[in-house]
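Geometric and topological summary
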Amino acid sequence: IVPSLRVDHSDYAAHVFINPSRPLDPFGTGVADLKEDYLTSAKTYWRFSPSVALAIPVCRLVQVHGHVGFKYQPPPYEYLYNGWDFVASRIGAGSYWIFGNGALEPEKAIEYELGADVAVAQWLRARVTGYYRKLSNQIGNVHLSASPFSYDIFASGARALDRGIAAQVESSPA
């Protein structure tokens, strides 16, 4: 049995709108412009990813293996960052561009694996593994009704499910 713990601290050093529904005029002054004080620092995240793996020899030729783990992954950089002058000009023009979002949360996966390694012959091994992976906080995009114009941003929250069987055969010279 092999337990492990991964600790992540994510600080994207990114900025987000203080009022996403009025990005260019958050205080309702009637002047649509992007100023630095209309932005705030994005949230930072601490995430703990525990996992445990085990391998049990059943006999000389067969070994059963398993794994359970919780994993986090920061979003790709292209989904986090923008040039703010570009954002202001595109929102002000009613653009259909999808903007980065410094408030994206880390993607999360819960994984389960169970399988077996079999020595078919001295020169031939086979491995079969069944897996189930539940994903959350996947990146998608959302449309925000905003003033002066609506816009789209990347957002966390989509879900996915991945399951299947992986097989592998290895041979080596006898």
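Relevant structure appears above.
To start, this report covers the structure provided alongside it.

Cut-offs applied
Residues numbered from 1 in each chain as written. Predicted model: local features only at pLDDT ≥ 70, side-chain atom pairs only at ≥ 80, totals over all residues. Heavy atoms only, no water. Helix = DSSP H or I, 4+ residues; strand = E, 2+ residues; numbered from the N terminus. Buried < 20%, exposed > 50% of the residue type's maximum accessible area, 1.4 Å probe, protein only. Contact = heavy atoms within 4.5 Å. Salt bridge = Lys/Arg side-chain N within 4 Å of Asp/Glu carboxyl O.

Moving on: the side chain of Ser136. Tracing the backbone shows Ser136 in strand E8 (residues 124–144). Residue Ser136 is classed as buried on the basis of its relative accessible area, which comes to 16%. Those residues within four positions of Ser136 in sequence are excluded, and the remaining contacts are Glu107, Lys108, Ala158 and Arg159.

So, about the side chain of Glu111. Inspection of the secondary structure assignment puts Glu111 in strand E7 (residues 107–121). By relative accessible area, which is 12% here, Glu111 ends up buried. Not counting residues up to four positions away in its chain, the partners in contact with Glu111 are His67, Val68, Gly69, Lys71, Tyr132 and Arg133.

Another point: the environment of Pro76. Tracing the backbone shows Pro76 in the loop between strand E5 (62–73) and helix H1 (84–92). Separated by 35 residues in the primary sequence, Pro76 and Ser41 have C-alpha atoms spaced 18 Å apart.

Once that is clear, we can look at the pattern of salt bridges. A full pass over the atoms with the stated rule returns six salt bridges. Of the charged contacts in the structure, one is a salt bridge between Arg133 and Asp162, with a shortest N-O distance of 2.7 Å. Of this pair, Arg133 sits in strand E8 while Asp162 sits in strand E9 (residues 151–171), placing them 29 residues apart in sequence. What makes Arg133 partly exposed here is its relative accessible area of 22%. One continuous salt-bridge network, built from bridges that share partners, spans Lys71, Glu111, Arg133 and Asp162.

What follows is about the environment of Gly157. Mapped onto the fold, Gly157 is located in strand E9. As a C-alpha pair, Gly157 and Ile139 span 18 residues in sequence and 6.6 Å in three-dimensional space. Once residues lying within four places of it in the same chain are set aside, the contact partners of Gly157 are Asn137 and Gln138.

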